[in-house]
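Understanding the architecture of this molecule
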Amino acid sequence: DTEVTQTPKHLVMGMTNKKSLKCEQHMGHRAMYWYKQKAKKPPELMFVYSYEKLSINESVPSRFSPECPNSSLLNLHLHALQPEDSALYLCASTQGDHWGLSGANVLTFGAGSRLTVL
Amino acid sequence: AQRVTQPEKLLSVFKGAPVELKCNYSYSGSPELFWYVQYSRQRLQLLLRHISRESIKGFTADLNKGETSFHLKKPFAQEEDSAMYYCSTGANSKLTFGKGITLSVRP
């Protein structure tokens, strides 16, 4: 299995709802990432988990709450979102958790979860 | 901090024309540089990395340390090359993306 799988593909939620995005990989990758992507814009890093521990939080509002239950799974819990949070949320994984060394670290992306906040 | 700059937002060429997508980087150490591509309705995927020095789908990219550039080139564009292309650089635990360029190849 060489894929990152994200569910759901599409999600519509109200500003008072609580929902979760899920991500799974079975490549034995040690680092997992959440990115947010708006239309025609580059992905923006939100969170990095390295060996199941949160290593980077790019000053993301607390209405986004990541969770890494095990080395294969990554969740993003959503609560009290705003309409401007509507975007494509991308999960990715890498074999290692460091760049600047061997050049072997390549991000494998999921297809994304398209979120619409009403 | 590492940064990549893609100075153009759009490049439109005819099929068979040469393509050069520009990328400049700023990084104090030895950068790791990549090109990622996003075709319409497909997931973002790796196209090239500088360490491999390979040609993928006819594309090549050479790291020029003197000019701090990592331009993506293809001698003869194909319609299926139409996509969004992102130059990116990795340092420590982060991969940073440039703003991206849309390549449109017309028949």
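Below, the structure is looked at part by part. As the structure is a computational prediction, the values presented were derived from the model and not from experiment. (Residues numbered from 1 in each chain as written. Chains lettered and ligands numbered in written order. Predicted model: local features only at pLDDT ≥ 70, side-chain atom pairs only at ≥ 80, totals over all residues. Heavy atoms only, no water.)

1. Description of the overall build of chain B
A count of helices and strands for chain B gives 0 helices and 11 strands. Helices and strands appear in chain B in the N-to-C order β-β-β-β-β-β-β-β-β-β-β. The 107 residues of chain B split such that 44% are buried. Taking the intrachain contacts of chain B between residues at least 6 apart in sequence as the baseline, contacts between residues at least 24 apart amount to 57%. Approximately 5500 Å² of chain B is accessible, and the part contributed by carbon and sulfur atoms is 48%. Both charge centroids of chain B, one from 15 positive and one from 9 negative side chains, sit 6 Å from each other. (Helix = DSSP H or I, 4+ residues; strand = E, 2+ residues; numbered from the N terminus. Buried < 20%, exposed > 50% of the residue type's maximum accessible area, 1.4 Å probe, protein only. Contact = heavy atoms within 4.5 Å. Areas by Shrake-Rupley, 256 points an atom, 1.4 Å probe, with all protein chains shown as cover. Lys, Arg positive; Asp, Glu negative; His and termini not counted. Charge placed at Lys NZ, Arg CZ, Asp CG, Glu CD.)

2. A few points about the overall build of chain A
For chain A, the helix and strand inventory stands at 0 helices and 11 strands. Expected size for 118 residues packed as a compact globule is a radius of gyration near 13 Å; at 14 Å, chain A falls within 12% of this value. On the principal axes, the C-alpha backbone points of chain A span a range of 45 × 25 × 25 Å. With 118 residues in all, chain A has 47% of them scored as buried. Taking as baseline every contact in chain A between residues at least 6 positions apart, the subset at least 24 positions apart corresponds to 56%. Working note: accessible area of chain A is about 5800 Å², and carbon and sulfur atoms make up 51% of it. Considering chain A, the positive charge centre built from 12 side chains and the negative charge centre built from 10 side chains are found 7 Å apart. (Rg over C-alpha atoms; globule rule 2.2 N^0.38 Å.)

3. What about the interface of chain B and chain A?
Listed per partner, the contact involves 20 residues of chain B and 27 residues of chain A. When chain B packs against chain A, the two sides together hide about 2000 Å² of surface, and 55% of this comes from carbon and sulfur. By the criterion of area lost to chain A, the three top residues of chain B are B:E32, B:R43 and B:S93, representing 30% of everything that side buries. Applying the counting criterion to the chain B and chain A interface returns 1 salt bridge. (Buried area = accessible area lost by both parts, 1.4 Å probe. Salt bridge = Lys/Arg side-chain N within 4 Å of Asp/Glu carboxyl O.)

4. A look at the sheet that holds strand 7 (residues 64-70) of chain A
All names here are of chain A. Read from one edge to the other, the open sheet built from 4 strands follows the order 1-3-8-7, with strand pairing classed as antiparallel. Bordering the open sheet on either side are strand 1 (4-7) and strand 7, each of which pairs with just one other strand. Adjacent strand axes in the sheet meet at a mean angle of 20 degrees when their direction is disregarded. Pairing of strand 3 (residues 18-25) with strand 8 (residues 73-79) involves 7 bridges; the strand directions are antiparallel. Along strand 8, the bridge assignment pairs S20 with H77. (Pairing = 2+ DSSP bridges. Axes fitted to C-alpha atoms, helices over the stretch in contact; angles between N-to-C directions.)

5. Some details on the nonpolar core
In this structure, B:L21, B:W35, B:L47, B:L48, B:L72, B:Y85 and B:L103 are the most contacted members of the largest nonpolar core, which totals 23 residues. Put simply, the parts of the chain that give this core at least two residues each are strand 3 (19-21), strand 5 (32-38), strand 6 (45-49), strand 9 (83-91) and strand 11 (101-106) of chain B. Beyond its immediate stretch of four places on either side in the chain, B:L103 contacts B:L11, B:V13, B:V19, B:L21, B:D81, B:S82, B:A83 and B:Y85. Listed in part, the 22 residues of the second largest apolar core include A:M13, A:L21, A:M46 and A:V117. (Core = buried A, V, L, I, M, F, W, Y, C linked by side-chain atoms within 4.5 Å.)

6. Details of the side chain of B:S69
Its place among the elements puts B:S69 in the loop between strand 7 (60-61) and strand 8 (72-74). Take B:S69: its relative accessible area is 3%, and that puts it in the buried class.

7. Comments concerning the layout of surface pockets
There is about 660 Å³ of room inside the largest pocket. At the level of elements, strand 9 (87-94) of chain A together with strand 9 of chain B are the ones that each hand at least two residues to the lining of the largest pocket. It is strand 9 of chain B that provides the largest number of residues to the lining of the largest pocket, a total of 3 residues. Its residues assigned to classes, the lining of the largest pocket comprises 8 nonpolar, 8 polar and 6 charged. Reported here for the second largest pocket is a volume of approximately 250 Å³. Lining the second largest pocket are A:A39, A:K40, A:K41, A:P42, B:Q6, B:P7, B:E8, B:K9, B:M84, B:K99, B:G100 and B:T102. For the lining of the second largest pocket, a count of residues per class yields 4 nonpolar, 3 polar and 5 charged. (1 Å grid on protein atoms, 1.4 Å probe; cavity = no way out; pocket = protein on both sides within 12 Å on 5 of 7 lines; lining within 4 Å. Points joined across faces, edges and corners; volume = space filled by probe spheres on them. Nonpolar A, V, L, I, M, F, W, Y, C, P; charged D, E, K, R; others polar.)

8. A closer look at the pairing of strand 9 of chain B
All names here are of chain B. Burial within strand 9 is extensive, with 9 of its 9 residues counted as buried. Side-chain alternation along strand 9 places A83, Y85, C87, T89 and A91 on one buried face and M84, Y86, S88 and G90 on a second face that is also buried. Looking at chain direction, strand 5 and strand 9 are connected through 7 bridges and run antiparallel. Directly across from E32, in strand 9, lies its bridge partner G90. In this structure, strand 9 lies alongside strand 11, joined through 3 bridges in antiparallel fashion.

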